[in-house]
Amino acid sequence: VKTKFSASSRLAVLQEMAGETLDLLVIGGGITGAGIALDASVRGMKVGVVEKADFGSGTSSRSTKLIHGGLRYLKQGEVKLVREVGRERAILYKNAPHLVIPAPMLLPIYQGGTYGYLASSVGLYLYDLLAGVERTERRKMLSRDETIRQEPLLKRDRLKGG
Ligand SMILES: Cc1cc2nc3c(=O)[nH]c(=O)nc-3n(C[C@H](O)[C@H](O)[C@H](O)COP(=O)(O)OP(=O)(O)OC[C@H]3O[C@@H](n4cnc5c(N)ncnc54)[C@H](O)[C@@H]3O)c2cc1C
């Protein structure tokens, strides 16, 4: 399409597209549709995308945009799924390093909390292996003192580490 991508030129773009023969027409311009269209066009296909509202206005506008790897699936015993999601995550990381930016997170562990220190350590170790997380980005278990040093405002009562 020669017309620029803008809401003001939408009608002209649709009219221009109606005169073309496409290899693929994607219905829905959320992240799934946009991803399929991008993938197909870099493979040389002639692709069109139609959207009934506005591009990215559906569920995709609500996403927190985290390329998370489905840690909760591990808790549910879905080992195959963790591996698959991890593989996809690694592909995104490799293909779009300008968009996929690592965000370190600290998970404080409290006595009597949802996750124990040992269970967290083993669970995250397994997760890193299954999901193929880069060696330098794998989980680090912190002592209580180190956790407080990183986040001095954390509630200290019953804090075991992070
Ligand atoms: C609060 C929240 C947080 C989330 N956080 C994350 C996250 O951190 N990481 C993550 O990976 N996922 C997250 N998700 C999930 C993620 O947002 C969705 O999986 C994803 O946006 C789905 O994209 P989609 O393109 O399939 O759907 P949508 O974004 O809904 O796109 C579908 C589009 O199709 C259009 N459409 C429908 N029917 C037609 C039609 N007949 N003709 C033309 N167009 C049509 C709609 O208007 C819409 O724009 C989150 C979801 C929510 C709600």
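Please read all numbers here as calculations on a predicted model, not as lab measurements.

Draft legend 1. Broad picture of the layout of surface pockets. Considering only enclosed or pocket space, the second largest pocket measures out at about 530 Å³ in volume. The wall of the second largest pocket is formed by 20 residues, among which F5, V13, G48, V49 and F55 lie closest to the centre. Only α1 (10-18), α2 (31-42) and β2 (47-50) provide two or more residues apiece to the lining of the second largest pocket. Residue classes in the lining of the second largest pocket are distributed as 13 nonpolar, four polar and three charged.

Draft legend 2. Quick look at the packing of helix α4 (residues 79-95) against helix α5 (residues 117-131). In the contact formed by α4 and α5, the axes pass within 8 Å of each other and the chain directions differ by 60 degrees. The orientation of α4 with respect to α5, classified from their angle, is oblique. Seen from α4, the contacting residues are V79, V82, R83, G86, R87 and R89; seen from α5, they are Y127, L130 and A131.

Draft legend 3. Here's a closer look at unusual backbone geometry. Here the phi dihedral of K65 falls at roughly 70 degrees; this positive angle occurs in a residue that is not glycine. Mapped onto the secondary structure, K65 falls in the loop between β2 and α3 (71-75). With phi around 70 degrees, R158 is a residue other than glycine that occupies positive phi space. Examined against the element boundaries, R158 turns out to sit in the loop between α6 (144-150) and β4 (159-161). Looking at R158, the relative accessible area reads 51%, which means it is exposed.

Definitions and limits used
- Residues numbered from 1 in each chain as written.
- Predicted model: local features only at pLDDT ≥ 70, side-chain atom pairs only at ≥ 80, totals over all residues.
- Heavy atoms only, no water.
- 1 Å grid on protein atoms, 1.4 Å probe; cavity = no way out; pocket = protein on both sides within 12 Å on 5 of 7 lines; lining within 4 Å.
- Points joined across faces, edges and corners; volume = space filled by probe spheres on them.
- Helix = DSSP H or I, 4+ residues; strand = E, 2+ residues; numbered from the N terminus.
- Nonpolar A, V, L, I, M, F, W, Y, C, P; charged D, E, K, R; others polar.
- Axes fitted to C-alpha atoms, helices over the stretch in contact; angles between N-to-C directions.
- Parallel < 35°, antiparallel > 145°, perpendicular 65-115°, else oblique.
- Contact = heavy atoms within 4.5 Å.
- Buried < 20%, exposed > 50% of the residue type's maximum accessible area, 1.4 Å probe, protein only.

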